[in-house]
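# Overview (structure and organization)
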Amino acid sequence: MSLNSHGVKHIQEDGWSIASSEKYYGLNNWGKGCFKVDEEGYMKVHPLQDSRGIRIFDVIKEAKSKGYDLPLTIRIQDLLQTRVKELNETFRDAIKQEAYQGSYRGVFPIKVNQMREVLEEILEAGEPYNYGLECGSKPELMIALAYHRNLNSLIICNGYKDDTFIRLALHGNRIGKPVFLVVEQLSEIERIIRISKELEIQPKIGIRIKLSTVGEGKWARSSGEEAKFGLTSPEIVSATKSLEQAGSSDCLELIHFHIGSQVPNIQTIKRATVEATRYFCELASMGFPMKYLDVGGGLGVDYDGSMSNFESSMNYTLKEYARDVVYNIQTICNEASVICPDIITESGRSVVASHSLLVSEVCDRISKYSIQPIIEKNENAPIIENFISILENDYSASPLERYHDAVQKKEEADNLFNLGYLKLKDKGLADALFWKICQDLVLFYREEKIQPEEMDTLKAMMADQYVCNFSVFQSLIDHWACNQLFPVVPIHRLNEKPTVDTTLVDITCDSEGRIASFVDSEDERSLLRLHEIKETEPYFLGFFLVGAYQDIMGDLHNLFGRVNEVHVFLEDDEENGFYIEDSIPGFSVNEVLEFTQYDGQMLSRKMKKQIDIATKKDQIKPREGTRILDEYMQILKSQTYLSESD
Ligand SMILES: *Cc1c(COP(=O)(O)O)cnc(C)c1O
């Protein structure tokens, strides 16, 4: 495929073009200008949303040459810069547009991606905006304190806190950092007061409000009256009394709420902002020196590109979000004649989701079509003759009628086999004939607009399964845990028409390790159309927008563990230029074994003993025994995922 002199993309004979691929895989919807296909059908990342792009295929080649095989996490570091800038600039614009009196003081919630290189990139990009950090545990606060340099940026501490946590935060205050302790439960207020008096350090206190506005979406339980975090209105009143009695009223400057992650509906955000601002104004009028309103996270990612109020989507843009937050706070504060606060957001998902992708290779295909029925014209069992008659349609039935007949005969055949009246050979032929009839039906209805109801299940049953060298539990945990959708796209051959309807399965021995729902701009798809795999070249699939939460929540199911990883930067002065700055090996077999208390050396010793016994008994020659042991020990150092030579 190439561009003609007018820059118009050629369309192939079968009517397929690169634009068709971009449309089918939804690149223009969820890709937001960062993911495109080049003239040769390769997927490219444009981290700065301009003409400079990185071919993912080239990154894989280079990673492999450095010894980093698939599956591979690729982090596009420049994309983090883009997102941090976008968030901060958008809030600045909204503030300017609304002539808002306060400023924007965003913080990045570390829990969404704790990776050091990710955090460093975010802090660097955020430096000019005084972009800060949010932490929810002691280890995260340890990171935040050490990495926080800009004294004008905030550190917000959420989550349950013990005395050590509180002391650590206060030490931060002592060395000049604006660290806020956000009170999540009433008992924390007494402890903060006590410990700060002991240490003689003035704390900065915030209160998390348990809003009555309930979120929507998969993570709605973060707010509403059943939420596990935050203070109810009577508790807030009680907390203010405690502060007054302790003479610490001047420490309360902030209120915070968080209605849950991936909020699909902007109305929820507006309602919550209004409710929280009312609390802010009340506390201000009670005489507390209120300065900050923290609206938490929840800013969505449009995973399916549908711009809808669907769980894997969002019905608003970043611009609308920023404007609504600013506008609603301003309106309520003006009504109450309270000075507008500085606005904090704790958007995590929206900042980091797009920067990382996982590439896996399709290593096998499970197909019902792989063995075609071979019909012999001699004596067949009557049931076989029935199937042949349906297949050849010697009774002029419609495709659907033939399918119904075939289903009936299939039941009969299964019964005959179970009762011992059908030989395995005939059972094999009967099943193959049945699938062939189903295949005819699927092909018949493939491009039809109106489909009989049975087609959904039938298509799913007949779809090929592409086996991918990765673990859903490690790399796409939210897909398994809450059916969160992620875009899946081949990263090459996008100038070819995809022809195979597939679902995807991983290499864990768990039937839940599969993907059978895919993004679509209208609805959800149960099948993904991909290319035929060729014997002569590998077929690579990219799983996109996986930079938020997936990295750290992935688990060791089946002892696969972390995948190899490379960090990629744009190289300015070259067409398709990039360089790999960092590469991190995934877990070796030995490492995952250690997580479960095994020890590679100990296992090797146990193996050696048994090999020695087999040698003594003359079951194997000593030389062969040594070879077996060598290979066993070699595998300890190798990667857990399938490696290429297999
Ligand atoms: C998880 C969390 C966030 C991040 O939410 P996103 O939806 O990823 O932006 C922010 N604040 C708090 C308190 C959280 O628990």
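Residues numbered from 1 in each chain as written. Predicted model: local features only at pLDDT ≥ 70, side-chain atom pairs only at ≥ 80, totals over all residues. Heavy atoms only, no water.

### Some words on the overall build of the protein
A count of helical and extended segments in the protein gives 22 helices and 21 strands. The buried share of the protein, reckoned over its 646 residues, is 54%. A sequence separation of at least 24 residues applies to 75% of the contacts in the protein between residues at least 6 apart. For the protein, the accessible surface area stands at approximately 29800 Å², while carbon and sulfur atoms represent 50% of it. (Helix = DSSP H or I, 4+ residues; strand = E, 2+ residues; numbered from the N terminus. Buried < 20%, exposed > 50% of the residue type's maximum accessible area, 1.4 Å probe, protein only. Contact = heavy atoms within 4.5 Å. Areas by Shrake-Rupley, 256 points an atom, 1.4 Å probe, with all protein chains shown as cover.)

### Structural notes on the domain arrangement of the protein
For the protein, the assigned domains are domain 1 (2-66), domain 2 (78-352), domain 3 (382-458) and domain 4 (564-595 + 619-646). Averaged C-alpha coordinates put domain 1 and domain 2 at centres separated by 38 Å. Listed per partner, the contact involves 9 residues of domain 1 and 7 residues of domain 2. Taken together, the two surfaces of domain 1 and domain 2 that pack against each other cover about 610 Å², and 62% of this comes from carbon and sulfur. A salt bridge links Asp302 to Lys32; the nearest nitrogen and oxygen atoms lie 3.6 Å apart. (Domains from an automatic or database assignment. Buried area = accessible area lost by both parts, 1.4 Å probe. Salt bridge = Lys/Arg side-chain N within 4 Å of Asp/Glu carboxyl O.)

### Some points on the pairing of strand 4 (residues 72-76)
A large share of strand 4 lies buried, amounting to 5 of its 5 residues. Taking every second residue as pointing to the same face, both faces of strand 4 are buried, with Leu72, Ile74 and Ile76 on one and Thr73 and Arg75 on the other. Here strand 4 runs beside strand 20 (residues 564-570); their pairing, made up of 5 bridges, is parallel. In the strand pairing of strand 20, Arg75 is matched with His567. (Pairing = 2+ DSSP bridges.)

### What about the confidence of the model for the protein?
Considering every residue of the protein, the mean pLDDT works out to 93; 96% of them sit at 70 or more. Counting interchain partners and residues more than four positions distant, the pLDDT-below-50 stretch residues 1-9 has 17 contacts. (pLDDT = per-residue confidence, 0-100.)

### What to know about the site of the ligand
The local shell around the ligand holds 17 residues, among which Lys111, Ser261, Glu346, Gly348 and Tyr549 are the closest. Interatomic distance of 2.9 Å between a backbone N/O atom of Arg349 and an oxygen atom of the ligand. When the ligand sits alone it has 390 Å² of accessible area, and the protein chains cover 92% of it. Each residue belonging to the shell around the ligand can be placed in one class, and the counts come to 3 nonpolar, 9 polar and 5 charged. (Near = heavy atom within 4 Å. Polar contact = N/O pair within 3.5 Å; in protein donor to acceptor, adjacent residues only side chain to side chain. Nonpolar A, V, L, I, M, F, W, Y, C, P; charged D, E, K, R; others polar.)

### Structural notes on the packing of aromatic side chains
Inspection of every chain in the model, using the stated rule, returns 19 aromatic pairs. When the ring of Phe587 is compared with that of Phe595, the centres are 5.3 Å apart and the planes differ by 45°; the resulting orientation is tilted. Across from the ring centre of Phe165, 6.0 Å away, lies the NZ or CZ of Lys161, which sits over that ring. Of note, Arg525 hangs over the ring of Tyr24, and the distance from its end group to the ring centre comes to 4.1 Å. (Phe/Tyr/Trp six-rings, centres within 6.5 Å; stacked < 30°, edge-to-face > 60°. Lys NZ or Arg CZ within 6 Å of the ring centre and 35° of its normal.)

### Brief notes about the sheet that holds strand 10 (residues 252-256)
Strand order in the open sheet formed by 8 strands is 5-6-7-8-9-10-11-12, and the pairing between neighbours is parallel. Pairing within the sheet leaves two strands with one partner each, and these edge strands are strand 5 (107-109) and strand 12 (342-344). Across this sheet, the average inter-strand angle for adjacent strands is 25°, counted without regard to direction. Both strand 10 and strand 11 (residues 292-294) contribute to a ladder of 3 bridges, which runs parallel. Bridge pairing links Leu254 to Tyr292 in strand 11. Of the strands in this sheet, strand 7 (155-157) and strand 8 (179-183) are in contact with helix 7 (residues 163-174), which crosses strand 8 at around 150°. (Axes fitted to C-alpha atoms, helices over the stretch in contact; angles between N-to-C directions.)

### Remarks on empty space enclosed by the protein
Applying the stated rule across the entire model yields 5 cavities of 30 Å³ or more. Its volume calculated, the largest cavity comes out at about 130 Å³. Lining the largest cavity are Thr73, Arg75, Leu358, Gln474, Ser475, Val546, Gln550, Asp551, Arg562, Val563 and Glu565. Every element with two or more residues in the lining of the largest cavity is listed here: strand 4, helix 17 (472-475) and helix 19 (550-553). For the lining of the largest cavity, the residue count by class is 3 nonpolar, 4 polar and 4 charged. (1 Å grid on protein atoms, 1.4 Å probe; cavity = no way out; pocket = protein on both sides within 12 Å on 5 of 7 lines; lining within 4 Å. Points joined across faces, edges and corners; volume = space filled by probe spheres on them.)

### Side note on the nonpolar core
The biggest cluster of nonpolar side chains holds 144 residues, and the ones touching the most others in it are Met43, Ile56, Ile74, Leu504 and Phe544. It is helix 11 (residues 318-335) that provides the largest number of residues to this core, a total of 8 residues. Counting residues in hydrophobic clusters, the runner-up holds 23 residues, among them Ile384, Leu433, Phe434 and Leu458. (Core = buried A, V, L, I, M, F, W, Y, C linked by side-chain atoms within 4.5 Å.)

### Quick word on helix 7
The terminal C-alpha atoms of helix 7, which comprises 12 residues, lie 16 Å apart, in line with the 16 Å expected from a rise of 1.5 Å per residue. The set of residues buried in helix 7 consists of Phe165, Ile166, Leu168, Ala169, Leu170, Gly172 and Asn173. Following helix 7 by one or two positions, Gly176 has its phi on the positive side, about 95°. (Expected span 1.5 Å × (residues − 1).)

### Focus: the side chain of Asp426
You can see Asp426 is positioned in helix 15 (residues 424-445). No salt bridge forms around the buried Asp426; measuring N to O, its nearest opposite-charge neighbour Lys425 is 4.0 Å away. Asp426 has contacts with Ala381 and Ile384, leaving out every residue within four places of it along the chain. (Lys, Arg positive; Asp, Glu negative; His and termini not counted.)

### Digging into the pattern of salt bridges
Tallied over the entire structure, the rule returns 35 salt bridges. Between Glu198 and Arg194 there is a salt bridge, with its nearest N and O atoms 3.5 Å apart. Placement of both Glu198 and Arg194 in helix 8 (residues 186-199) is noted, with a separation of 4 residues, approximately one turn of the helix. Residues Asp520 and Arg525 are paired through a salt bridge, measuring 3.0 Å at the closest nitrogen-oxygen approach. The pair formed by Asp520 and Arg525 is uniform in burial state, with each residue classed as buried. Salt bridges linked by common partners bring Arg75, Asp551, Arg562 and Glu565 together as one network.

### A few points about the sheet that holds strand 2 (residues 43-45)
Spatially, 1-2-3 is the arrangement adopted by the 3 strands of the open sheet, whose pairing is antiparallel. Either end of the sheet is taken by a strand with one partner, and the two such strands are strand 1 (35-37) and strand 3 (54-55). Sheet topology places strand 1 next to strand 2; 3 bridges connect them, and they run antiparallel. Paired with Phe35 across the strands is Val45, a residue of strand 2.

### Digging into the packing of helix 8 against helix 9 (residues 233-245)
One way to put it is that helix 8 packs onto helix 9 with a least axis distance of 10 Å and a crossing angle of 10°. Our classification of the angle between helix 8 and helix 9 gives roughly parallel. Counting all contacts with helix 8, which are made through Leu186, Ile189, Glu190 and Ile193, the residues of helix 9 involved are Glu235, Ser238, Ala239, Ser242 and Leu243. (Parallel < 35°, antiparallel > 145°, perpendicular 65-115°, else oblique.)

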